[in-house]
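Residues per chain, in single letters:
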Amino acid sequence: MAEIERVGVVGAGLMGSGIAEVNARAGLRVTVAEVGDSAVEAGRSRIRGSLDRGVERGKISADDRGAAWDNIGFTTSLADLGDRDLVIEAAAEDEDIKTRVFGELDEAVGGSEAVLASNTSSIPIAKLAAATQRPQHVIGMHFFNPVPVLKLVELVPSLLTSAETVQRVTDFATDRLGKESIRAQDRSGFVVNALLVPYLLSAIRMVEAGTAAAEDIDNGMVLGCAHPMGPLRLADMVGLDTVKAIADSMYAEYKDPNCAAPPLLQRMVDAGLWGKKSGQGFYSYT
Ligand code: CAA
């Protein structure tokens, strides 16, 4: 089976741009697909900014930044991903959008042996696989934000993913991207979000109940448990819209009240207070 050399990434948001960056830094040729020119421009500057930060922090040389940058191309058409060996979908956490993207990717790659992976945090891989004619080549490949910094990739085979695809993607994640992988069953939230999201929701319920101020809750976990950041700042960084989407998927799967989005989270999302990406969440970023 051919080595994975050409990678496609669907979506250049927070996660997609980070995924494109780590692939390009690993020497892979990357094509990033976005829905329109302004989304392409936003993704381009996000990747550029992160590569620049990598140089400032001494993580990569200026030459490596140039090489990584040269490895990345952009398109507004999923059909342009037809020649890819691996496509990693990182579109919005919305089942309808992701299902449509998988249907289109399936057409684009045709009868090739390309792997179609999803960076979903909580949508069943089996549902995405069912939108294609190639479920044996579909797998979950879940990265963590910030992608260039955090080492983990969760690999999530569906009931129909072939053992060969699992091995191919495991080798790729470790040998080519230099990540550590863990394997999880195709259950909403997989391992990390199944533990993390109820914790974030508990912190939001604490704010709602007036138990403590956001800063005090966060300082409690940073100073008392040595977490790198507190749950409310982390929720802001992940995006409150995304936290709510993951909570909704997990609630639909488990019917566990700990996974139910509290009203404060719902209202903040309704109001466009999506955290760092919108400039305001539990903290202000303007
Ligand atoms: N490229 C490479 N390295 C970079 C970089 C870049 N663009 N930007 C920063 N770094 C490196 C820095 O050099 C530094 O490395 P050292 O520790 O070796 O010096 C490290 O990353 C930390 O960077 P900073 O000093 O800029 O920032 P910080 O110390 O304040 O840490 C943080 C910031 C990495 C975000 C840290 O607070 C953290 O890890 N927070 C928790 C993040 C987390 O839990 N993420 C998971 C979210 S859940 C998710 O993503 C999944 C989902 O589905 C919701």
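Just so you know, these numbers come straight off a predicted model, no measurement behind them.

J.: How should I be thinking about the site of the ligand in this particular structure?
T.: What surrounds the ligand is a group of 21 residues, the closest being Arg57, Lys59, His142, Asn145 and Asn193. Residue Ser50 places a main-chain N or O atom 3.0 Å away from a nitrogen atom belonging to the ligand. Between the ligand and Lys59 there is a distance of 2.7 Å, counted from an oxygen atom to a side-chain nitrogen or oxygen. Bound to the protein, the ligand loses 66% of the 1100 Å² it would expose on its own. Take the shell around the ligand: its biggest share by element is 3 residues, from helix H9 (residues 231–238). Of the residues belonging to the shell around the ligand, the class tally is 12 nonpolar, 6 polar and 3 charged.

J.: Would you explain helix H4 (residues 95–109) in this entry?
T.: In an α-helix there are 3.6 residues to a turn, and that puts residues three or four apart on one side. Across its 15 residues, H4 extends 21 Å between first and last C-alpha, which sits within 8% of the 21 Å expected from 1.5 Å per residue. For H4, every residue scored as buried is listed here: Lys98, Val101, Phe102, Leu105, Asp106 and Val109. Buried residues along H4 cover an arc of 140 degrees about the axis, so they all sit on one side. Opposite its buried face, H4 presents the exposed residues Asp96 and Glu107, each directed more than 90 degrees away. Where H4 is buried, its residues touch strand E1 (6–10), strand E4 (86–89), strand E5 (115–118), helix H5 (125–129) and strand E6 (138–143). Between a side-chain oxygen at the N-terminus of H4 and the backbone nitrogen of Asp96 the separation is 2.9 Å; the capping residue is Asp94. Just beyond H4, the residue with positive phi is Gly110, at close to 55 degrees.

Rules behind the numbers
Going along each chain's sequence as written, the residues are numbered from 1 onward. Restriction of local features to residues with pLDDT of at least 70 applies here, the model being predicted, together with a cutoff of 80 or more for giving and counting side-chain atom pairs; totals for whole chains, interfaces and linings are based on all residues. Side-chain measures were taken over the full set of non-hydrogen atoms in the model, leaving aside hydrogen atoms and water. Near, as used in this document, describes a residue that has one of its heavy atoms within 4 Å of the molecule or strand being considered. Polar contact is defined as a pair of N or O atoms within 3.5 Å, subject to the rule that within protein one atom must be able to donate a hydrogen and the other to accept it, and that residues adjacent in sequence are counted only when both atoms are side-chain atoms. Note on areas: Shrake-Rupley with a 1.4 Å probe; residue coverage comes only from the protein chains shown. Per the convention used, a helix needs a DSSP run of H or I reaching at least four residues, while a strand needs a run of E reaching at least two, with both numbered from the N terminus. Basically, the charged four are Asp, Glu, Lys and Arg, the nonpolar ten are Ala, Val, Leu, Ile, Met, Phe, Trp, Tyr, Cys and Pro, and anything else, Gly included, counts as polar. Take the number of residues in a helix, subtract one, and multiply by 1.5 Å to get its expected span. For every residue, the accessible area (1.4 Å probe, protein chains only) is compared with the maximum for its type, and the residue is labelled buried under 20%, exposed over 50%, or partly exposed between those bounds. What the arc describes is the spread of directions from the helix axis to the C-beta atoms. Here, two residues are considered to be in contact whenever any of their heavy atoms come within 4.5 Å of each other.

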